[in-house]
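# Structural overview for review
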Amino acid sequence: MRHSHYILAFFFTLILTTQARHHHHTKHKHSSHSNNNDNNSNNQSYPPSPSPSSGISVPPVAAPGGYDNEAPSPSPSDDDGSEIFDVRTFGAIGDGIADDTNSFKMAWDSACQSESAINVVLVPRGFSFMVQSTIFTGPCQGGLVLKVDGTLMPPDGPESWPNNTSRRQWLVFYRINNMSLQGSGVIDGRGQNWWDLPCKPHKGPNGTTLPGPCDSPVALRFFMSSNLSVQGLRIKNSPQFHFRFDGCKSVRVDSIFITSPALSPNTDGIHIENTNDVRIYNSVISNGDDCVSIGTGCYDVEIKNITCGPSHGISIGSLGNHNSRACVSNITVRESTIKGSDNGVRIKTWQGGSGSVSKVTFSKIHMESVRNPIIIDQFYCLSKDCSNKSSAVFVSDIVYSNIKGTYDIRHPPMRFACSDSVPCTNLTLSDIELLPAQGDLFNDPFCWNAYGNSETLTIPPVSCLIEGLPQSLPGNDLSRC
């Protein structure tokens, strides 16, 4: 009998001990989240200096059961030898409300300073993380992967945007070499309240554009970086451009989905500027502006297997604004579909600019109900009071091959509106077949000061191109590029 009393006492003691351990561990976890939440809400996020960040110590994590043993590593290794930096380990909440900016910055800095070959900043699935405007800087010790499997979002509109952070950009990656942005999650730009600003170009029947603050953030900007890869992501509803690459080299974009409403202003899918060695493949883009826009200083760019639209098409430009010099060359757009868009493949320049666009090929492109399938516009202007100027960006050596489909009958299927003083030269057309989306009436192509030829019969026939070359060419402008 006494022996049975000992047994009951043993089990009673064991139950109390287990409950005490569980209570202590749970309390510690909640305390950590609360402290991080308080810190994030009381301290506004300032963009870090564009130099390598100093070391940041990671707060210790309680051992299972609440014992004061050595804290486990916050960055376990994956099977492929990479090191994982889960933003939750650094205090991120992921409820879509709490400010997780500082946790993301700590995770980034720790991964950037790691000497492992590949370091993965993990944004886990099942969570929504709100992050303020932030600059993630390099260079880093090893390769870096930002793996977005959950949802990543900025503050919701200009009223929620902190006054002391930039309104022109959200997430910036600066001086990074060998970085991959990938994952199965979503980046949600929450752009609606930005698009509704009174200064935006509303397109309703009674729409107006009013004066006032109009800066809107680019969602993702890569600046002065190289060996970049973006793959598999979904990004939607950016306040302005979804992606922007400035001063970058060796960029690979593959299998991404970009969506925003057709009337969302200035929401270019991918914009590149002063960037070379670019490959954009196998992606779907629908938005309120250009699917892809190519600015000055870009060369060696290939765009392939893109489904674009509704949108403003795939554009080179606009170039030469404010009498600036622009240089673009070696651009290829091929094996793509453009549908329900204002433009198909477009080159647009302002009067008064200089420089050149040369060695451009558009081939194997299918058009579906596109308003201006093929267009060169050297009189690009956003208002009705742009004055005529004598200088222009020189457009030459442009190839249009195997472009077929349908166009909106309210506009000509081909429009070559070249500068009065600097004509377009060496425009080459072959295997062009563009039919009206409705009815049987064909619109004639339009040409103005455009030199070139058709190597095959085209539908509709293009008889307005001027054969040969003009008597004088702007050789100096071309040579400077």
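Residues numbered from 1 in each chain as written. Predicted model: local features only at pLDDT ≥ 70, side-chain atom pairs only at ≥ 80, totals over all residues. Heavy atoms only, no water.

Going by the annotation in an unreviewed UniProt entry, the name recorded for the protein is Polygalacturonase At1g48100 isoform X1, with Arachis duranensis given as the source organism. Its UniProt record gives the protein the following Subcellular location (unreviewed entry) comment, quoted word for word: "Secreted, Cell wall". (UniProt positions renumbered as here; feature names shortened; annotations may be inferred.)

### Overview of the pattern of salt bridges
In total, this model carries 16 salt bridges according to the counting rule given. Between aspartate 277 and arginine 279 there is a salt bridge, with its nearest N and O atoms 3.7 Å apart. On the basis of relative accessible area, aspartate 277 is assigned to the buried category, the value being 18%. Arginine 279 gets classed as partly exposed once you look at its relative accessible area, which sits at 21%. A salt bridge links aspartate 290 to lysine 348, with the shortest nitrogen-to-oxygen separation between them at 3.3 Å. Of this pair, aspartate 290 sits in the loop between strand 18 (276–286) and strand 19 (292–294) while lysine 348 sits in strand 23 (residues 343–349), and the two are 58 residues apart along the sequence. We classify aspartate 290 as buried; its relative accessible area is 1%. Look at lysine 348 and you get buried, because its relative accessible area is 5%. Each of Arg252, Asp277, Arg279, Glu302, Arg334 and Glu335 takes part in one network of salt bridges that share partners. (Salt bridge = Lys/Arg side-chain N within 4 Å of Asp/Glu carboxyl O. Buried < 20%, exposed > 50% of the residue type's maximum accessible area, 1.4 Å probe, protein only. Helix = DSSP H or I, 4+ residues; strand = E, 2+ residues; numbered from the N terminus.)

### Overview of the packing of aromatic side chains
Given two aromatic rings, one states the distance between the centres and the angle between the planes to describe the pair. Per the counting criterion, the structure on display carries 13 aromatic pairs. On the basis of an interplanar angle of 20° and a centroid distance of 4.9 Å, the ring pair of phenylalanine 173 and phenylalanine 222 is categorised as stacked. Taken together, the positions of phenylalanine 173 in strand 8 (residues 169–174) and phenylalanine 222 in strand 11 (residues 218–223) put the pair 49 residues apart, joining distant regions of the chain. You'll find phenylalanine 173 and phenylalanine 222 in the same group, each marked buried. Ring centres of phenylalanine 362 and tyrosine 400 lie 5.4 Å apart, and the angle between their planes is 20°; on these two criteria the pair is classed as stacked. Pair noted here: phenylalanine 362 is in strand 24 (residues 354–370) and tyrosine 400 is in strand 26 (residues 394–407), with a separation of 38 residues, a long-range link. Judged on exposure class, the residue phenylalanine 362 and its partner tyrosine 400 are both buried. Ring pairing ties together the aromatic residues Trp108, Phe136, Phe173, Phe222, Phe243 and Phe245, which thus form one cluster. Lying across the ring of phenylalanine 257, arginine 234 places its NZ or CZ 4.4 Å from the centre. (Phe/Tyr/Trp six-rings, centres within 6.5 Å; stacked < 30°, edge-to-face > 60°. Lys NZ or Arg CZ within 6 Å of the ring centre and 35° of its normal.)

### Some remarks on the sheet that holds strand 29 (residues 446–448)
Read from one edge of the open sheet, 11 strands run 5-8-11-14-17-19-21-23-25-27-29, paired in parallel fashion. Each having just a single partner strand, strand 5 (134–137) and strand 29 make up the two edges of the open sheet. Strand-to-strand twist across the sheet, computed as the mean angle between neighbouring axes with direction ignored, equals 15°. Of the pairings in the sheet, the one linking strand 27 (residues 414–417) to strand 29 comprises 3 bridges and is parallel in character. Looking at the pairing, arginine 415 lines up with phenylalanine 446 of strand 29. Sheet contacts for helix 2 (residues 101–113): strand 5 and strand 8; angle to strand 5, the most-contacted strand, approximately 10°. (Pairing = 2+ DSSP bridges. Axes fitted to C-alpha atoms, helices over the stretch in contact; angles between N-to-C directions. Contact = heavy atoms within 4.5 Å.)

### Concerning the layout of surface pockets
The space that makes up the largest pocket amounts to roughly 1400 Å³. As for the largest pocket, its lining consists of 48 residues, of which Asn266, Asp289, Ser318, Tyr380 and Leu382 are closest to the centre. Elements supplying a minimum of two residues to the lining of the largest pocket: strand 11, strand 14 (243–246), strand 17 (270–273), strand 21 (314–319), strand 22 (325–339), strand 23 and strand 25 (372–377). Among the residues making up the lining of the largest pocket, the classes are represented as 12 nonpolar, 19 polar and 17 charged. If you count residues domain by domain, the lining of the largest pocket takes at least three from each of domain 1 (80–202 + 214–274) and domain 2 (290–471). (1 Å grid on protein atoms, 1.4 Å probe; cavity = no way out; pocket = protein on both sides within 12 Å on 5 of 7 lines; lining within 4 Å. Points joined across faces, edges and corners; volume = space filled by probe spheres on them. Nonpolar A, V, L, I, M, F, W, Y, C, P; charged D, E, K, R; others polar. Domains from an automatic or database assignment.)

### A closer look at the nonpolar core
Core analysis: the biggest nonpolar cluster contains 94 residues, and Phe243, Phe245, Phe362, Tyr400 and Phe416 have the highest contact counts within it. Taken together, domain 1 (80–202 + 214–274) and domain 2 (290–471) each give at least three residues to this core, which thus spans both. When neighbours within four sequence positions are excluded, tyrosine 400 is seen to be in contact with Val345, Ile347, Phe362, Ile374, Ile376, Phe416, Thr428, Leu429, Ser430 and Ile432. (Core = buried A, V, L, I, M, F, W, Y, C linked by side-chain atoms within 4.5 Å.)

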